[in-house]
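One-letter residues, chain by chain:
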Amino acid sequence: MSDEKPPQLVDYFVVAGLAEGSRALEEEQQPRPARPGEPITDVAVIIRSQGEEVPQGFTCIETSTSGHPVDLNAGLLNNPQMFLCYKRGRDKPPLIELGVHYEGKDRPKPGCQLLDTTPYSRSANLAAGSPGHQRTFLTFRRAAEPPGHHTLGVTDICLVMPSKGESTPHTFCRVDKNLNTSMWGPALFLCYKIAVAKDNTLVYEAGLLSRYPEQDSESFPLPESVPVFCLPMGATIESWPVGTKYPLPVFSTFVLTGASGDKVYGAAIQFHEAFPRERLSEAQALRLGLLSVVDRRPVPGRSLHTRKSICVLSHWPFFDVFRKFLMFIYRYSISGPHVLPLETHISHFMHNVPFPSPQRPRILVQMSPYDSLLLCRPVSSPLPLSGASFLTLLQNLGPDNAVALLVAVLTEQKLLIHSLRPDVLTSVGEALVAMIFPLRWQCPYIPLCPLALADVLCAPVPFIVGIHSSYFDLYEPPRDVIFVDLDTNTIFQSEERKLLSPRALPRKPCKVLLASLHSLSQQLDELLSAPGEEEPPELVLSDAEAAGARRAQLELEARAAFLRFMACALRGYRSFLRPIAPAPAPAGRDAGSLFALQGFLRSRDRAYQRFYGQLLRTQLFTQFIEDCSFASDREPCLEFFDTCVDKVQVDLEKPEDTPLMELDDPRGGEHTVFITPPEQPAGPDGAEPPACYRYDGFPTLRPELLEPPRDPLVAQLCQARSSAPSSPAPRRTKQEMKVAQRVAQKSSAVPELWARCLLGHCYGLWFLYLPTQVRAAPAKLRALQLAYDVLRKMEQHKVVLPDEVCYRILMQLCGQYGEPVLSVRVLLEMKRAGIVPNTVTYGYYNKAVLESKWPAGTQGGRLRWAKLRNVVLGAAQFRQPLRQRQRQRAAGDPPGDGAAAAPRPALHRQTTWAGRSLRDAVPAPRLVKSGSLSFPARSEGGGAAREGPGEPPLLPVTPTPPAPRRAPGSADGSLSDIATDDSGGDEGPGGGPGGAGGVTPRRGLAAKLQQLLSPGKRPPRPSEPPRDGGGRRGSEQRDGDPPPPPRSRRSPGGTLLRPRERPESTASESSVSLGSELDLSDASGGSGGGAPKAPGEPCADGGAGTEPPGLEVLLSSCSRCPGCAALVFDEELMAGWTSDDSNLNTSCPFCSRSFVPFLSIEIRDLRRAPSPPPVPPSPQGPVLSDRRRCLELDGTPGTPGTPGLCNGCAETPPPWRRERVAFAYLCPLVLRKELESLVENEGGELLARPELVDKHPIIFWNLLWFFQRLALPSQLPLLLLGSQHAPPDPQPPEPSRVRVRLLWDVLSPDPESCPPLYVIWRLHSSIPPRLHPWGPPARPFSLPFLEALLSHVGLNEVHKAIGLFLETLAAPGAPQTLHRSIYRELLFLTLAALGREHTDIAAFDRRYRSALAKLGGAPGRDELRRRRAQPPSARASECRRCFGAPPEC
């Protein structure tokens, strides 16, 4: 497990303020003209034409912003001349809003006062000179009392005339109602500015006062610029009138972006505290108004204050939690006295509050008896984590301006966002960056810019900067910037920077976006309306909770609206990505070489070419193409965006019914961790200790009072387990998991798709194990080539892959081991299979191609030498007949006698990538008789007739001391030269009709049944040569033909990838070799039954031709239903699984009860068993029709020390140690989820260590079962040798081998139950069963009864066999219940009597279903189902067809 530290909630606690070396900010640049020091407290209207003068203390507005004379009533010449006046002061609360009221048309706003008279008691109707027009008055709203020093108010008023080319001044709010309502005269509009009017203030750059911890962490050192972000407008020294109320603390947030793009979130509160006058110089006191200018006397009635800030830094945007914590710390510092110091609470929160994890999603922190906060796990979302609030964006800007800003961000404009509320700036800035997902803003981004860093506004690059609106009172802003005023909901554009119109965007997606935003804005306005006062408090509280949930839902919908627009705008972009197929050039990372820019531009509508042209030239799009082309940490996000692109429909004018975002609720968990407050120290005699900590201001943190972590165990339990992925891309993305879950749900309704879905997940399990397999393989390239062949075989068999993990892992392994050419072949294989690689897979592909060393472009000398060699050998063969004739003439022999005797050297052809030459000649197949069932005997060389690599012979005779068998691979490990050894057996006396062996009774029955049930003569497949040991292995040689010598046949890896019992069609299921008590397959550990072994690789095969294995493992998945006691077999268990990847249950096909199936395992230790003595080989193997010979072989135990035979299969010697265990049998969907979690938490190296067997036995045995079922190579069996199941041998002669055998029937029979029919058949035939002990057979189940059943089945009268079976069950002495169904009894009996090679299981199923349909009317379907006569379901049949049946019963 990795030692990576778990996530930490808070990294630093910082106190910022006026430090000793702080420099003054207002002296750096030439400020604008002095801002007004007092707000506007009154407004008035005077009529000069009637002799009214400007009141004392008022200022009259006589001109517009550009100097044009203004008259509020200038419609006609005889109209009264009316002017607007205002007054400043601090004697009353300032005005905070101005407006215009049309009498009879508008309703008065609550809290607003109507200015209906002049100071001289005349009517202040602005339309007095226009008879018939509606009366027009000014309105104003005053701030609540008492006024504070930092109260927002109206600080300036102006009038503008749009007809004169005037526009609303920057930072001013315009009242959109014309003051001149007459038909004559220019339109006139009122504008006002809201700001903090304050004077007597000195501004300095903020400095660091104290911090905790004092030492920087290695992963994240404290940035030096944090203090200036805590106080963006500087640390101030302010002079207030005595008695001025302290303003409330101001909460603000900011974002710091590192060089690698990582974001750090800061949360701070700003507050004021007293400042000692002794620290001021005389010049500072003069500027603050504390000394008179003339005589330097102290001015009475003034107090000094400074602004400070406390802040926390974190990698997580828990802004609400941090606000509550900081407010608690601030209140703690201004109250008291306290028992515990302030430092104790700070260190307690930083050390003992853990980060919420999936196991503990909620953390309840009790800070004091009256203060608590709830910390919830972040919402699990595929989108990047951010502090964005789209509802704040809509609330402050509206839908139209939000879309206009979307255009500005996509075209990389200079955006300056400003507001008087610092907490709003970060939320809106984060929303602007998040709305363009999946694009990432690459230019400067400072959502809350300090005054000290305001020089970034003059940068010649695009930027998104947020700043306090008071900046414009100090400095002149740049002209080429687009200003966004969040307080007035306006966007100011200069003539130099004109935005594209929203009409340049794609019409239909933009229309849907605007409609969605307008709907959300309307719902937000309804949500923000306060509840009625008549409601009781408990209803108000419940409404607040519901409003919070509704607000979260609206936030999700707003984000989804922008996501849908981006998906529509970039739809089809993946088809224009250019994969790097040849050896990459130095400019391989250029966007033009990675993406077809012109092709993408031509694919868009001409009306939007201007927008797309600007978009393609931005750094946003260039970085997006690089992220899509190369592996990066954004792969899950980009893969999620690709799924959104597939969901959206551009032509629709409304959102799709399927939501694009499905978020998991982190508050749904029931586990909550409670964090108690810090413990108070005990006083003397247990009394309460005295309260001795009181603070006049926020103190400097004292290190000796900061406590260490109190309970690290709580934090350890709550932390999420760290990831240690050692294998490439071992885990699917969350979006891939959701897609796979939906595909599984859809596939569960279709039997064929369900079987293919399970098969695809099994192959996914093997590819998750592939890095371990490649790491352990001595020949890495051969292992990678084998995995590529598996992919090709999966495509041929049309395996349904739920995701691209198989291709992705192989691509990254190709890059890891320097095989870019094979990575290109994998990509081509994906395209051939119709799979478009997603962003994650595409990034791994390009990384493998770019970072690997490519082979030389010119062909090497090996190929040239091979061509030259072939030319020389060809010329030599042409000359060889001439030389032979010359020798014959010289010797006097007639021509042609010796021509056939002289061998000709074969031409060497370059056939493999390894440069091998294929020399072995493929002899013609032997002519054999049809209708007989001979068992090929072992040849003298130790070879055996086999179905494929790794399969034992049907009936091997006890051999002479065996010679070491050659590995089923070529000498150099070339995958295209995988050989299988086939050898024929000589026909002996017991094999023919006149053999010496005696004939058992009813000998003709087996031959007749074999003739009826065997699939008959079939031509070999085009891709495979005919096999004498495969499909025709049960035939005799033609009489008189000499036995052919042992030969080897080349096969291009065909049997290597196909499961042993997995047919290509339903009709070919007869090749599924399965019969009770038959040892037909020998799935060996480490080779997977058909995998090539490298020279020197530890062989785990214990098959024929080698020494006995050290361990033998028997596996069976047959489970007993706890409800009806019926045996449920493997394919029925697969059919009963569900698509839920957390459900371990399957359903019984007979009683429909859910239960957990089990894998039964028997481990036999054979390492001390004596080796068998050599026995001369038999000249010929017996045939099934020679019953006496079969009984002699199967029933006679043989000489002491000789292994017994079970129907022609070499039995292993009796083990000296046997162990039986059972573990849950998992669905591949569940197993894959568990394996991914295991690899992520404990690393992929665990899959190669024996600890896997002991610590995670369920995962190990399930993986072993599925890998052996599909004949996939693995090193899992060899892990048993180092586990607790295999104690170390005190005298190990050689490295032991492991043999794995898969069983279809139960592993441990019930001794009290009646044996199945196939076992009774063996008992009647005096063949000892494999399993012991079986109970005594029932009296009605006699040999004539069994032969009658077989006769009916052979004559295609299965309905008679079922009827006979039912009648016999009703006879006296018959067992009351059968654990196996009637179908299973008849199938196993047929397989036992005829052998698996000669039984077409698919044909048997069809005949059985047809027979059951005939019987459906007689006893009734319900009765047949009650007596378990129904066949397997369609899902079970499809699962058996795809997976094949286990080799043995």
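The shown structure was predicted, so the numbers you read here are calculated from the model rather than taken from an experiment.

Calculation criteria
Residues numbered from 1 in each chain as written. Predicted model: local features only at pLDDT ≥ 70, side-chain atom pairs only at ≥ 80, totals over all residues. Heavy atoms only, no water. Helix = DSSP H or I, 4+ residues; strand = E, 2+ residues; numbered from the N terminus. Buried < 20%, exposed > 50% of the residue type's maximum accessible area, 1.4 Å probe, protein only. Areas by Shrake-Rupley, 256 points an atom, 1.4 Å probe, with all protein chains shown as cover. Patch = residues over 30% accessible without salt bridge, like charges linked within 9 Å, V, L, I, M, F, W, Y side chains within 5 Å. Salt bridge = Lys/Arg side-chain N within 4 Å of Asp/Glu carboxyl O. Expected span 1.5 Å × (residues − 1). Bend = angle between axes of the 7 residues up to and from the residue. Core = buried A, V, L, I, M, F, W, Y, C linked by side-chain atoms within 4.5 Å. Contact = heavy atoms within 4.5 Å. Pairing = 2+ DSSP bridges. Axes fitted to C-alpha atoms, helices over the stretch in contact; angles between N-to-C directions. Lys, Arg positive; Asp, Glu negative; His and termini not counted. Polar contact = N/O pair within 3.5 Å; in protein donor to acceptor, adjacent residues only side chain to side chain. pLDDT = per-residue confidence, 0-100. Parallel < 35°, antiparallel > 145°, perpendicular 65-115°, else oblique. Nonpolar A, V, L, I, M, F, W, Y, C, P; charged D, E, K, R; others polar.

### Some thoughts on the overall build of the protein chain
Right, so step 1: Counting its secondary structure elements, the protein chain contains 36 helices and 37 strands.
Right, so step 2: With 1449 residues in all, the protein chain has 54% of them scored as buried.
Right, so step 3: As displayed, the protein chain offers around 63300 Å² of accessible surface, 53% of which is attributable to carbon and sulfur atoms.

### Brief notes about a nonpolar patch on the surface
Right, so step 1: A cluster of nonpolar side chains, contributed by Trp 865, Leu 868 and Val 872, occupies part of the molecular surface with about 350 Å² of accessible area.
Right, so step 2: Tracing the backbone shows Leu 868 in helix H21 (residues 861-891).

### A short note on helix H5 (residues 390-410)
Right, so step 1: When the terminal C-alpha atoms of H5 are compared, their 17 Å separation across 21 residues is substantially less than the 30 Å that a helix rising 1.5 Å per residue should span.
Right, so step 2: Taken as a whole, H5 carries its principal kink of about 105° at Gly 398; the proline Pro 399 stands between one and four residues after it.
Right, so step 3: Note on H5: the residue one or two positions beyond its end, Glu 412, has a positive phi of about 55°.

### Looking at the nonpolar core
Right, so step 1: Core analysis: the largest hydrophobic core is formed by 215 residues, its most contacted members being Leu 570 and Trp 1261.
Right, so step 2: The element that contributes the greatest number of residues to this core is helix H16 (residues 751-776), accounting for 14 residues.
Right, so step 3: Every residue in contact with Leu 570, bar those within four places of it in the chain, is listed here: Pro 438, Leu 439, Phe 600, Arg 604, Leu 615, Phe 621, Phe 624 and Phe 641.
Right, so step 4: Judged by nonpolar contacts, the second largest core, of 42 residues, contains Cys 1314, Val 1358, Ala 1429 and Ala 1445.

### Observations concerning the sheet that holds strand S9 (residues 173-175)
Right, so step 1: Strands sit in the order S8-S10-S9 across an open sheet of three strands; the sheet is antiparallel. The two strands at the open ends of the sheet, each matched to only one other strand, are strand S8 (152-160) and S9. Geometrically, the sheet is characterised by an average inter-axis angle of 30° between neighbouring strands, direction not taken into account.

### Thoughts on unusual backbone geometry
Right, so step 1: With omega at -5°, the peptide bond leading from Tyr 212 into Pro 213 counts as cis.
Right, so step 2: Mapped onto the fold, Pro 213 is located in the loop between strand S12 (207-212) and helix H1 (226-230).
Right, so step 3: Despite not being glycine, Thr 171 has its phi angle at roughly 70°, a positive value.
Right, so step 4: Residue placement: Thr 171 occurs in the loop between S8 and S9.
Right, so step 5: Residue classification places Thr 171 among the buried residues on the basis of a relative accessible area of 9%.
Right, so step 6: The backbone of Glu 412 shows a phi angle near 55°, a positive value even though the residue is not glycine.
Right, so step 7: When you line up the elements, Glu 412 lands in the loop between H5 and strand S19 (414-419).

### Re the side chain of Glu 804
Right, so step 1: Residue placement: Glu 804 occurs in the loop between helix H17 (780-796) and helix H18 (805-816).
Right, so step 2: With no salt bridge to any partner, buried Glu 804 finds its closest opposite charge in Arg 808, at an N-O distance of 4.9 Å.
Right, so step 3: A polar contact of 2.7 Å, which involves the side chain of Glu 804, links it to the side chain of Thr 841.
Right, so step 4: Sequence-distant contacts of Glu 804, defined by excluding residues within four places in its chain, comprise Glu 736, Met 830, Ile 835, Val 836, Pro 837, Asn 838 and Thr 841.

### Structural notes on the confidence of the model for the protein chain
Right, so step 1: Of all residues in the protein chain, 71% have pLDDT values of 70 or greater, and the mean over the chain is 74.
Right, so step 2: When the elements of the protein chain are averaged for pLDDT, helix H23 (residues 1054-1057) gives the smallest value, 30, and strand S31 (residues 1146-1147) the largest, 94.
Right, so step 3: Every residue in residues 537-541 is under pLDDT 50, and counting partners more than four places away or in other chains gives two contacts.
Right, so step 4: Contacts of residues 710-729 to residues separated by more than four positions or lying in other chains number 61 contacts, the stretch itself having pLDDT below 50.

### Comments concerning the packing of helix H13 (residues 635-647) against helix H15 (residues 734-747)
Right, so step 1: Packing of H13 against H15 brings their axes to within 9 Å, and their N-to-C directions diverge by 45°. Classed by the angle they form, the pair H13 and H15 counts as oblique. In this structure, H13 uses Glu 639, Phe 640, Thr 643 and Lys 647 to contact H15, whose residues at the interface are Gln 735, Glu 736 and Arg 742.
Right, so step 2: Here the contact of H13 with H15 is composed, by residue class, of one nonpolar, two polar and four charged.

### Details of the side chain of Glu 273
Right, so step 1: Tracing the sequence through the fold places Glu 273 in strand S15 (residues 263-274).
Right, so step 2: Looking at Glu 273, the relative accessible area reads 11%, which means it is buried.
Right, so step 3: At 2.7 Å, the side chain of Glu 273 forms a polar contact with the side chain of Lys 308.
Right, so step 4: Sequence-distant contacts of Glu 273, defined by excluding residues within four places in its chain, comprise Tyr 246, His 305, Thr 306, Lys 308, Gly 697 and Phe 698.

### Points about the pairing of strand S17 (residues 362-368)
Right, so step 1: The element S17 is extensively covered by neighbouring structure, given that five of its seven residues are classed as buried.
Right, so step 2: Bridging between S17 and strand S18 (residues 371-376) involves six bridges; their strand directions are antiparallel. Across the sheet, the residue bridging to Arg 362 is Cys 376, located in S18.
Right, so step 3: Linking S17 back to S18 in an antiparallel pair, the connection comprises two residues.

### Overview of the pattern of salt bridges
Right, so step 1: Evaluation of the coordinates by the stated rule reveals 43 salt bridges.
Right, so step 2: Residues Glu 430 and Lys 263 are paired through a salt bridge, measuring 3.2 Å at the closest nitrogen-oxygen approach. Within this pair, whereas Glu 430 is found in helix H6 (residues 422-434), its partner Lys 263 is found in strand S15, the two being separated by 167 residues in sequence.
Right, so step 3: Among the residues examined, Lys 263 registers a relative accessible area of 23% and is labelled partly exposed.
Right, so step 4: Between Arg 574 and Asp 642 there is a salt bridge, with the nearest N and O atoms lying 3.3 Å from each other. One end of the pair, Arg 574, is in the loop between helix H8 (537-569) and helix H9 (591-594); the other, Asp 642, is in helix H13, with 68 residues separating them in the sequence.
Right, so step 5: Among the ionic contacts, a cluster of salt bridges with common partners joins Glu 1112, Glu 1162, Arg 1164, Arg 1218, Arg 1220, Arg 1299 and Arg 1301.

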